Amino acid sequence: MVLLIAIVLMLSMFPSLTALSGSLYSAVPFMGRYFGPIQPLKFLFPVVLYFLWNNRSRLSLRLKKALVIGLVLLLFGTLTGGLGCGFPPEVVRESAIFILGIGSALALMLFPEGIFRKTIWAWIAIVYASVALNVFWPAGLNFLNMHFFDPIRRVPIWGEGNIKFLMGFYDNASLGKLLAWLPWLAFWTFFVGRDETKVHRAVPWLFLFGIVLSMALVLGTTQRGPLLGLIVGLAGFLLHRRFKVKDLRMFHWGAVTAGIGILLLPILVPKPILQARILELLQPSQNSEENANASRLAVIGRVRLWKIAGKSVIEHPLGRWCIPPQEYEQGGAINGAQHSHNLFLEQFVSRGWLWGLFHIGAWVYALWTTWNRKRLADSALLGGIATTLGLGLVDHPWFVINHALILGTLLLGGLRSPEPGPVESANHGFKPDQKTRGARPAS
């Protein structure tokens, strides 16, 4: 069973099979409205639930209580937030992705160590293979998107009047987030459960150098939010090594490495992207809205969305999944935005204060508990959590399944109960309750 679930989770890092969904859902429209595009995890998630039920004794009582409370608040917020909007299918689908993401990440944490690592490495291989196709064989990538993933995605080519950016199997916004998360996930996955004193001391520097180079790939997607998140993640990692671990060497040389990476951006990132997404934003003469360029107008529009969302939170404490278009127009946001572009604010808006407070509290607690650990794996995990918090200030990634898998993995990684001693257990810090140590192992 573990192997089956692992394969499903590996395949779930691909985007949904939108191109293959049309014929099925034209015959069964109800399924299309409530299930969305075909995705393996959607149909095989009952197997994940069965696995979790069989291995429930391996979870701490505190985590079980938190999961139950979170599920109740999520369902209650979904009900109260959706009722005022006629309860459209999208409300059900988005809430279901929370459950899929957290449940699947929980199963991943309970895998044997070898399968856990292989699943994460498969995610990394899939995403970076799509980047390689994007760069070296765009025609092949276009073929896959046309016939399997999403037909509307087409790699931009020089000479067509478009800025050439990275998109992979995804759109550029999704790929930017994945490229910001996965280097931290690789760093953490390599060291969690290992005795770091037996690893060659050059290995952490290779991971850190890869994270710094990822800034160029992230900006190559044109996305500034994930770049901001990656910078915040690097700062969190270095501060943890400096103040919690007292590792001055890694702090100083890591800061130098990060600075070199930032200085290399003008060389590694195509000039049209650098000009349109960074340099125009930094122009001091573009202070008024009337004279603002497209880059600065995007920032102004994002601030307007936050103000509209904040007003909705105050007026609808039980949540309101749909904000009427006229409210966006009155607030000056007329670009058809469907959410607040904020990881935390959106939960208050769509599902109310109870779920919103629980959601943000879980992330703060995960950050705090990770900060209080001292292993290199914990520093890398903290970098991933800090990256999420940074990009979450300007975007809302929960509603995409492959994003939810990574978010759930980072969140549960921070919430796990650490084992005593220098090396964590094979189940990554999840341990059975004292009263259930004789329970049967994973299927």
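Residues numbered from 1 in each chain as written. Predicted model: local features only at pLDDT ≥ 70, side-chain atom pairs only at ≥ 80, totals over all residues. Heavy atoms only, no water.

Undergrad: Can you help me understand the overall build of the protein in this one?
TA: Across its full length, the protein holds 18 helices and zero strands. When each of the 443 residues of the protein is scored for burial, the buried share is 51%. A sequence separation of at least 24 residues applies to 75% of the contacts in the protein between residues at least 6 apart. (Helix = DSSP H or I, 4+ residues; strand = E, 2+ residues; numbered from the N terminus. Buried < 20%, exposed > 50% of the residue type's maximum accessible area, 1.4 Å probe, protein only. Contact = heavy atoms within 4.5 Å.)

Undergrad: Explain the nonpolar core to me, please; I cannot follow it from the model alone.
TA: Soluble globular proteins: nonpolar side chains tend toward being buried together. Among the nonpolar cores identified, the biggest contains 98 residues, and Leu41, Phe111, Phe187, Trp188, Phe191, Trp363 and Ile406 are the most heavily contacted of them. It is helix H9 (residues 172-191) that contributes the most residues to this core, 13 residues altogether. Other than its neighbours up to four places away in sequence, Leu41 contacts Val8, Leu9, Ser12, Val48, Leu100, Ser104, Ile401 and Leu405. Counting residues in hydrophobic clusters, the runner-up holds ten residues, among them Ile308, Leu345, Phe348 and Val349. (Core = buried A, V, L, I, M, F, W, Y, C linked by side-chain atoms within 4.5 Å.)

Undergrad: Before we go on, may I ask you to explain the packing of aromatic side chains in this structure?
TA: The geometry of two aromatic rings is summed up by the distance between their centres and the angle between their planes. All told, the structure shown has 17 aromatic pairs when counted by the stated rule. Ring geometry for Phe187 against Phe237: centres 5.6 Å apart, planes inclined by 40 degrees, an arrangement best described as tilted. Note that Phe187 is positioned in helix H9 and Phe237 in helix H11 (residues 224-244), a separation of 50 residues in sequence. Each ring, one from Phe190 and one from Phe191, has its centre 5.0 Å from the other, and the planes form 70 degrees; the classification is edge-to-face. (Phe/Tyr/Trp six-rings, centres within 6.5 Å; stacked < 30°, edge-to-face > 60°.)

Undergrad: What is the right way to look at the environment of Ser60 in this model?
TA: Mapped onto the elements of the fold, Ser60 is located in the loop between helix H4 (40-54) and helix H5 (61-83). When the C-alpha positions of Ser60 and Arg416 are compared, they lie 8.8 Å apart, and in sequence the two are 356 residues distant.

Undergrad: In this structure, what is going on with the packing of H9 against helix H17 (residues 376-392)? I would like to understand it.
TA: Helix-helix packing is characterised by the crossing angle of the two axes and by the distance between the axes. Orientation of H9 relative to H17, taken along the N-to-C sense of each, is 165 degrees, at an axis distance of 7 Å. Classified by the angle between their axes, H9 and H17 sit roughly antiparallel to one another. H9 and H17 meet at a crossing whose hand is left-handed. Residues Lys177, Ala180, Trp181, Trp184, Phe187, Trp188 and Phe191 of H9 pack against Leu376, Ala377, Ala380, Leu381, Gly383, Gly384, Thr387, Thr388 and Leu391 of H17. For the contact of H9 with H17, a count of residues per class yields eleven nonpolar, four polar and one charged. (Axes fitted to C-alpha atoms, helices over the stretch in contact; angles between N-to-C directions. Parallel < 35°, antiparallel > 145°, perpendicular 65-115°, else oblique. Left-handed = near helix turned anticlockwise from the far one by under 90°. Nonpolar A, V, L, I, M, F, W, Y, C, P; charged D, E, K, R; others polar.)

Undergrad: Would you mind showing me how to read helix H14 (residues 294-315) here?
TA: In an α-helix, one full turn covers 3.6 residues, which means residues spaced three or four apart are oriented alike. The end-to-end C-alpha separation of H14 is 32 Å, in line with the 32 Å expected for 22 residues at 1.5 Å each. Where H14 is buried, its residues meet H11, helix H13 (271-282), helix H15 (325-330) and helix H16 (345-371). (Expected span 1.5 Å × (residues − 1).)

Undergrad: Could you clarify how one ought to interpret the side chain of Ser340 in this entry?
TA: On the secondary structure map, Ser340 appears in the loop between H15 and H16. Residue classification places Ser340 among the buried positions, given a relative accessible area of 4%. Excluding anything up to four places from it in sequence, Ser340 contacts Leu305, Trp306, Ala309, Leu345 and Glu346.

Undergrad: Got a minute to help me understand H9 in this structure?
TA: Spanning 20 residues, H9 covers 30 Å between terminal C-alpha atoms, matching the ideal 28 Å at 1.5 Å per step. The principal kink in H9, of about 25 degrees, is found at Trp181, preceding the proline Pro183 by one to four residues. At the N-terminal end of H9, a side-chain oxygen is found 3.1 Å from the backbone nitrogen of Ala173, two or three residues along, and the residue is Asp171. Remark: Gly193 follows H9 within two positions and exhibits a positive phi of approximately 85 degrees. (Bend = angle between axes of the 7 residues up to and from the residue. Polar contact = N/O pair within 3.5 Å; in protein donor to acceptor, adjacent residues only side chain to side chain.)

Undergrad: Whenever I open this one, the pattern of salt bridges confuses me. Can you help?
TA: Side chains that differ in charge, positive against negative, can pair when their charged atoms come close. Going through the model one piece at a time under the given rule, you end up with seven salt bridges. Measuring nitrogen to oxygen at the nearest pair gives 3.8 Å for the salt bridge that ties Asp150 to Arg153. Judged by its relative accessible area of 14%, Asp150 falls in the buried class. When its relative accessible area of 17% is taken as the criterion, Arg153 is described as buried. Between Lys177 and Asp395 there is a salt bridge whose closest N-O contact spans 3.1 Å. (Salt bridge = Lys/Arg side-chain N within 4 Å of Asp/Glu carboxyl O.)

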